[in-house]
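# Remarks on the overall topology
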Amino acid sequence: MTVVAALLSWFLVGLFIRVSRARGWGQPIRADGPAHQAKEGTPTAGGVPFVLALAAVFFPLYFTGHAGGVRELIIMLGALAMGVIGGIDDLLKVRSRMRSGGKKELLAREKFPLQILVALVFAYFAAPLAAHELLPGFGRWGDMALITFVMVGSVNAFNFADGLDSLLAGIAIIVLLPLFALSPSAALLTAALLGFLWFNAHPARVFMGDMGSHAIGAVAAGAYILYADIWLLPIAAIMPVIAVLSVVIQVISFRTRGKRVFKMSPIQHHFEHPEVGWPETHVTMRFWMVTAVATAGVWWLLGGRP
């Protein structure tokens with residue numbers, strides 16, 4: 001069924017690109033951001049069709065008993081709920097561009113409470129099912145607090161790791177590989193991302209948007225919590241972790257000292273800056289390589305199991 005997920009994702013993403021171009025749902029490019037002005041007007045919210053493909057394949061499998069047990073349902077529902085939050089952000093961006101005004105995106109103070117709420121509900125059901133003991137001596141509430149923190153952190157870390165052609169999709173596929181044979185959700189998402197990558201490879205014909213990155217972060221967090229070890233996720237997802245940390249460091253440094261640590265943040269854009277000068281494709285490939293080494297280490301720590 002992973003083949004079906006990949007092909008359905010490929011078909012839906014291609015269809016989405018056609019509709020998006022016909023309706024002018026293009027991505028605006030910030031003038032103060034990286035030199036990506038040539039990408040102005042590229043369709044965004046490409047995560048919508050591959051998340052739909054993921055759900056369309058998963059639920060028939062689940063309800064016929066071929067997509068695992070309750071762990072898989074928890075992961076998928078958490079991913080879809082997080083995806084909806086990101087999808088609202090995508091919708092606001094598209095509407096703002098189409099109408100040349102209006103609310104441009106969800107503010108952090110609007111987005112975080114929604115993410116925390118979804119993560120708390122996920123944590124309530126996931127804590128008793130975690131693959132390993134999380135916080136010995138802290139009880140279920142301590143485990144729930146940790147799972148909530150990791151889920152919200154993962155969603156935002158993967159979101160911040162987006163921004164270059166094929167960067168996030170490639171990172172996500174690598175991070176999920178150790179769980180491919182353990183979690184049907186992880187396997188199906190990997191397949192759906194392959195269908196998306198067909199169009200997102202440089203030069204991208206579609207961008208992922210927040211729905212896709214939010215769903216990816218949720219599946220990664222859920223699968224590592226329920227099938228592997230929660231403490232291994234930040235190792236495998238080292239580049240998303242560095243991306244979100246670079247944003248935090250940049251903001252704190254600028255607000256407290258009036259100086260920037262990086263040329264731009266998240267960190268992938270720092271390496272693109274003319275004073276550093278890495279081509280976009282080099283940044284992507286090198287981030288993939290670091291992720292692959294880190295994920296190989298995680299695979300070894302898991303005992304080399306499939």
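Residues numbered from 1 in each chain as written. Predicted model: local features only at pLDDT ≥ 70, side-chain atom pairs only at ≥ 80, totals over all residues. Heavy atoms only, no water.

### Side note on the overall build of the protein chain
Regarding its fold elements, the protein chain presents twelve helices and zero strands. In terms of C-alpha radius of gyration, the protein chain reaches 19 Å, essentially the compact-globule figure of 19 Å for 306 residues. In terms of overall dimensions, the protein chain has a C-alpha envelope of 50 × 45 × 35 Å along the principal axes. Buried residues in the protein chain amount to 53% of all 306 residues. (Helix = DSSP H or I, 4+ residues; strand = E, 2+ residues; numbered from the N terminus. Rg over C-alpha atoms; globule rule 2.2 N^0.38 Å. Buried < 20%, exposed > 50% of the residue type's maximum accessible area, 1.4 Å probe, protein only.)

### Topic: the packing of aromatic side chains
To describe a pair of aromatic rings, you give the distance between the ring centres and the angle between the ring planes. For the structure on display, the rule yields ten aromatic pairs. Plain terms: the ring middles of Trp10 and Trp198 are 6.5 Å apart, the flat faces sit at 85° to each other, and that makes the pair edge-to-face. One end of the pair, Trp10, is in helix 1 (residues 2-23); the other, Trp198, is in helix 7 (residues 184-200), and 188 residues separate them in sequence. By relative accessible area, which is 40% here, Trp10 ends up partly exposed. With a relative accessible area of 62%, Trp198 lands in the exposed category. Site record: aromatic cluster; members linked through ring pairs are Phe58, Phe59, Tyr62 and Phe63. Geometry around Tyr124 places Arg140 over its ring, the cationic atom sitting 4.5 Å from the centre. Taking NZ or CZ as reference, Arg260 lies 4.4 Å from the ring centre of Phe254, over its face. (Phe/Tyr/Trp six-rings, centres within 6.5 Å; stacked < 30°, edge-to-face > 60°. Lys NZ or Arg CZ within 6 Å of the ring centre and 35° of its normal.)

### Some remarks on the nonpolar core
With 88 residues, the main nonpolar core has Phe50, Ile147, Leu193, Ile216 and Tyr224 as its most contacted residues. Sequence-distant contacts of Ile216, that is, excluding residues within four places in its chain, are made with Phe50, Phe158, Leu168, Ala172, Leu189, Leu193 and Met208. (Core = buried A, V, L, I, M, F, W, Y, C linked by side-chain atoms within 4.5 Å. Contact = heavy atoms within 4.5 Å.)

### A few points about helix 10 (residues 238-257)
Counted at 1.5 Å a residue, the expected span for helix 10 with its 20 residues is 28 Å, and the 27 Å between its end C-alpha atoms agrees. Considered for burial, the residues of helix 10 that qualify are Met239, Pro240, Ala243, Val244, Ser246, Val247, Gln250 and Ser253. Phi for Gly258, located one or two positions after helix 10, is positive at around 75°. (Expected span 1.5 Å × (residues − 1).)

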